[in-house]
Structure formats: C-alpha cells, structure tokens
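Observations on chain architecture
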Amino acid sequence: MAKIVISSTGTHGDHLPYIALGVALKERGHRVYLAFRASMHEFVINAGLEAIAFGEELSETVAQQNAADWDQFQPKHYSLTTQIERIHHYLAEDLPISFQQLLLDCQDADLFIAGFQRHLFGAMLANKIGLPWVAASVTPSFQCSEPTQKNYHDQNLFNDFLPTLQETFKKLSIPELDWLNYEKNERAILASSVHFSQPHPDYNYYQQTGFWFYEDPSWTNWQPKPELVQFLQDYPQPLFLTFSSIPVVDPKTVLAVHCQAAQALGKGLIVQRGWANFNESFIPDNVEPRSIFFVDFMPQDWLLSQVAAIIHHGGVGTIARALRNDCPMLVEPLGNDQFFNAKQILNLKVGTAAHPHKITPDGLAKILEYKVLTPEVRDRVKLLGTKIRAENSLEKACHLIESWLPAA
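Every chain is numbered on its own, with residues counted from 1 as its sequence reads. Only residues with pLDDT of at least 70 are given local features in this predicted model, and only at 80 or more are side-chain atom pairs given and counted; all residues enter the totals for whole chains, interfaces and linings. Hydrogens are left out, water is left out, and the side-chain values use all remaining heavy atoms of the structure.

What follows concerns the confidence of the model for the chain. Residues at a pLDDT of 70 or more form 97% of the chain, whose mean pLDDT is 92. Every residue in residues 149-153 is under pLDDT 50, and counting partners more than four places away or in other chains gives 16 contacts. On a scale of 0 to 100, pLDDT captures the predictor's confidence in every residue. Note on contacts: a residue pair is in contact if any heavy atoms of the two residues lie within 4.5 Å.

As structure tokens, then:
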C-alpha cells in the first residue's frame, strides 16, 4: 500500500483531526507518517502512527506568555513593519531549512497531505520531485467565507514578499510557482460538514467530507472519576466552560464572570483548565466552590452528553463535537476563524455568541437563559446533530485520498 505523509500546524485542534485521518488510512493498510511539531508526537504515537519532527514548537507556556497575540481585541505589541520583517526572515531562512527536512522525509512517499498552512510545502514538493499532494483544510472559514482581501491571495502583499520567495526558490532549485494560484489543486478536501457551511464559489473545487473526529485510544475503557459522577448528581445538567488550547489575557476575571453567571442560573459549572490556566484559586469569594468542578483533557463526547450547554472560544473542533452530541453553545470568539464560526452558530440558531470582554455575570446569565438554554435551541441542535452523525466523514475522506494515489 501507499506511504502517505500528513503535515499540519497550529494548536491541538488543528492537529487532532489529521491524526484521526491517519488512523483511518492506516486501518486501510497504508503507511502513515505525521509531520508535526514535537509536542504533538505523544498523540501521534499513542494512535499507532509514525511521527516526524517538523515545524516550529508551540508550547502552553509560550502561548500563555503571549496571550494578547491570540486576542484580536487586544492592542498589538509589535508593529506591521516588525511583522513583515519576521515574514521575510521566515521565507529567506526558516522556509528553506524546513523544506529540505521535509524533502528527505518525503523522498519515497506516494502522497503528501498538506493542512491549510502547509499548502506551500505541497506545491514546492510537487515542483521539486513531482510528489502528488492534497490541499486539505479542517478550518472551513478559509474556504467558506468571502475571499476578498485575503492576505495570501492579495497581489499587493505578494509584491512585497515576491523577491524573497523567488530568491528562496532559486536556492532550492525549484521551478517558480504561480504565486496567486498554487493552492488551486484538483486534489482538495475540506473536513467540514455541509450542514455547517459550504465553500464559496471561488473554492468549489474543495470536496467536503464532514468533520474528522479524533478518538484517543485511552478513551475506549475510560470511566469518570467518582468525584465527577457525584458532582453531576449534585448539579445535574451543568454548564461546561472551555477555551481548549487557547490562552486568555485575564483568566481570573473570565472565570469569575462565568462562575457568577452559573450561580445566578442555579447551575453547576464544569471548567476545563486548558491553556487558559483556569484553576480553583480563581473562584470568586461570592461563589460556592462546590458548584465548580475542574477537568483536564478527557473524552468530551461523554461530557457533552451530560451538560446543558457548552461555553467556548469558537474553535471549529469544539463546535463539531458539541453538535455531534446535540449540545447547545455560547461562543465567545477571540480571533482568527472563531468569528466566522460564531456567525455560523448564530445562522444555524443552535446557540448564540457574545463579546468576550463585554459580558457581565447578569448579562451572561440572561444570554444563556434566553438564547441557549431553551427547548427550541435544543430541538434545532438535535436535528443538526443527527445529520452530522450520519456523514461517515473519514470513510469519505479515505475513498477520495485513495482515488488520488498514483497507483489509482
């Protein structure tokens, strides 16, 4: 069977769906290698796949130290000039080193699957050694929103970086690309449900499969701790707060607002610590500590089936899993694709969205009571969940990928 190399970058939510894809491909007899940053290798190895060290490291500590960079409502501490200089340095210095490393790992590969921010590497490998590649995406906002003024398609921006790119390609002996169209690949796949969003006409060459859901091997025999079971008996149908692998600037204030809102509703609150570093010391004095329960990385399918609603940052992976488990939601977006995702939740009427820095305990309680915790919202999310559960997304993805293998 084929040797397939998959590469992605970003947070956990950007990597885990590709691990799910890798497992599905391995089960069909393929040799699958995941070119991920080192801190994701534990997930790769636990899934029974081969790990390749590739990409800049992103640790929880570094993310927390630069939390303002993850929040588009915060003022930037660096100028546009500095940002441009960093990109030039990456294109001139880091990109060639990374490509040479990836080139060695892909010499005997049959197919390269590139996550959205790895598409340039796919095009470079194709031009250098003729390796077929798949343009993949697990973040539908990039393919499903209006493409006006997108940075990587904007000729004005490319004019600034083009000389550096041309020089880098010359050093690597790679034929020059059509810089504005290199991502347009006849082998393109979008790991998102057609019931959540659909590609803009400019991206209609992407084939949608449905969301790819990661399943940790340890979840097979997982059982909740007695303390969590007791909490759910004491506070049935609690709320669930998580920002997953997204840091926040002021976690103490964020947690306090949500604790107080849950108390105003007479609800318990389960909190995932995550990269926001939510912890017991942040519980405000006017909230009963017993009504707040903290968890770490765990089977969210089980948890989402126990709660009345989830409150989160708007990552598409969290949204997909919540919808699959018929769980209404409140989205508090901080940046990037989270705004698009929040808009889709509003359009689908399976929850609502709120400004993360303008909510108050009373206001948040009212939003939850009247916009999320209603029978109408619960009915709509159940209907949508039924459709998402029926998609057989990984099977569809594998069929597409196998049809694109050279032997086919």
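Buried Ala, Val, Leu, Ile, Met, Phe, Trp, Tyr and Cys residues that are joined via side-chain atoms within 4.5 Å together make up what is termed a nonpolar core. Exposure classes here rest on a 1.4 Å probe applied to the protein chains alone. A residue is buried below 20% of its type maximum, exposed above 50%, and partly exposed in between. Among the nonpolar cores identified, the biggest contains 66 residues, and Phe112, Ile270 and Leu323 are the most heavily contacted of them. The contact partners of leucine 323, leaving out residues within four places of it in the chain, are Phe196, Met329, Val350, Val381, Leu384, Gly385, Ile388 and Arg389. In this structure, Ala63, Trp275, Phe278 and Val372 belong to the second largest nonpolar core, which totals 34 residues.

Quick look at helix H11 (residues 316-324) now. The helix count covers DSSP runs of H or I at least four residues long, the strand count covers runs of E at least two residues long, and both are numbered beginning at the N terminus. Counting buried positions along H11 gives 8 out of 9 residues, so the element sits mostly inside the fold. In this fold, the buried residues of H11 make contact with helix H10 (300-304), strand S11 (309-312), strand S12 (329-331), helix H12 (338-348) and helix H14 (375-389). Positive backbone phi, at 60°, marks aspartate 326, one or two positions downstream of H11.

Fitting a line to C-alpha atoms yields each axis, with helices limited to the stretch in contact; the angle taken between N-to-C directions then spans 0 to 180 degrees. At their nearest, the axes of helix H9 (residues 251-264) and helix H13 (residues 361-371) sit 8 Å apart, and the two run at 55° to each other. Judged on the interaxial angle alone, H13 and H9 are oblique. Handedness of the crossing formed by H9 with H13: right-handed. From H9, Val257, His258, Gln260, Ala261 and Ala264 reach across to H13, where they touch Pro361, Leu364 and Ala365. Following the grouping adopted for this structure description, the nonpolar residues are Ala, Val, Leu, Ile, Met, Phe, Trp, Tyr, Cys and Pro, the charged ones are Asp, Glu, Lys and Arg, and the polar ones are all others, Gly among them. Grouping the constituent residues of the contact of H9 with H13 by class yields 6 nonpolar, 2 polar and no charged. Roughly parallel means an angle under 35 degrees; roughly antiparallel, over 145; roughly perpendicular, 65 to 115; everything else is oblique. In a left-handed crossing the near helix is turned counterclockwise from the far helix by less than a right angle, and in a right-handed crossing that turn is clockwise.

On to the sheet that holds strand S6 (residues 188-190). What the 7 strands build is an open sheet, ordered S3-S2-S1-S4-S5-S6-S7; its pairing is parallel. Because the sheet does not close on itself, it has two edges, and the strands there are strand S3 (50-53) and strand S7 (207-208). Strands qualify as paired when DSSP identifies two bridges or more between them. The pairing of strand S5 (residues 133-137) with S6 spans 3 bridges and is parallel. Of the residues in S6, the one forming a bridge with alanine 136 is isoleucine 189. The strands touched by helix H1 (residues 12-27) are strand S1 (3-7), strand S2 (31-36), strand S4 (111-114) and S5; relative to S2, the strand with the most contacts, the crossing angle is about 165°.

Our next topic: the pairing of S5. Where burial is concerned, most of S5 is hidden: 5 out of the 5 residues are buried. Burial along S5 is two-sided: the face carrying Trp133, Ala135 and Ser137 and the face carrying Val134 and Ala136 are both buried. With 3 bridges joining them, S4 and S5 adopt parallel strand pairing. Residue pairing for S5: alanine 114 is matched across the bridge by alanine 135. Call a crossover right-handed when, viewed with both strands pointing away from you, the route from the first strand across the helix to the second goes clockwise. Crossover handedness for the path S4 to helix H5 (residues 119-129) to S5: right-handed.

Another aspect to go through is H13. Spacing of three or four residues puts side chains on the same side of an α-helix, whose turn is 3.6 residues. Listed in full, the buried residues belonging to H13 are Leu364, Ala365 and Leu368. The buried side chains of H13 occupy one side of the element, clustering within an arc of 100° when seen end-on. Seen from the open side of H13, the exposed residues pointing more than 90 degrees away from its buried face are Asp362, Lys366 and Tyr370. Against strand S8 (239-242), H9, S11 and S12 lie the buried residues of H13. It is the directions from the helix axis to the C-beta atoms whose arc is reported.

Let us now look at the sheet that holds strand S13 (residues 351-353). Strand order in this open sheet of 6 strands is S10-S9-S8-S11-S12-S13, and the pairing throughout is parallel. Among the strands making up the open sheet, the edge pair consists of strand S10 (292-295) and S13. Strand-to-strand twist of the sheet, defined as the mean angle between neighbouring strand axes without regard to direction, takes the value 20°. Examined bridge by bridge, S11 and S12 share 3 bridges and lie parallel to one another. Counted as the bridge partner of isoleucine 311 is leucine 330 from S12. Against the sheet, H11 contacts S11 and S12, and its axis sits at roughly 175° relative to S11.

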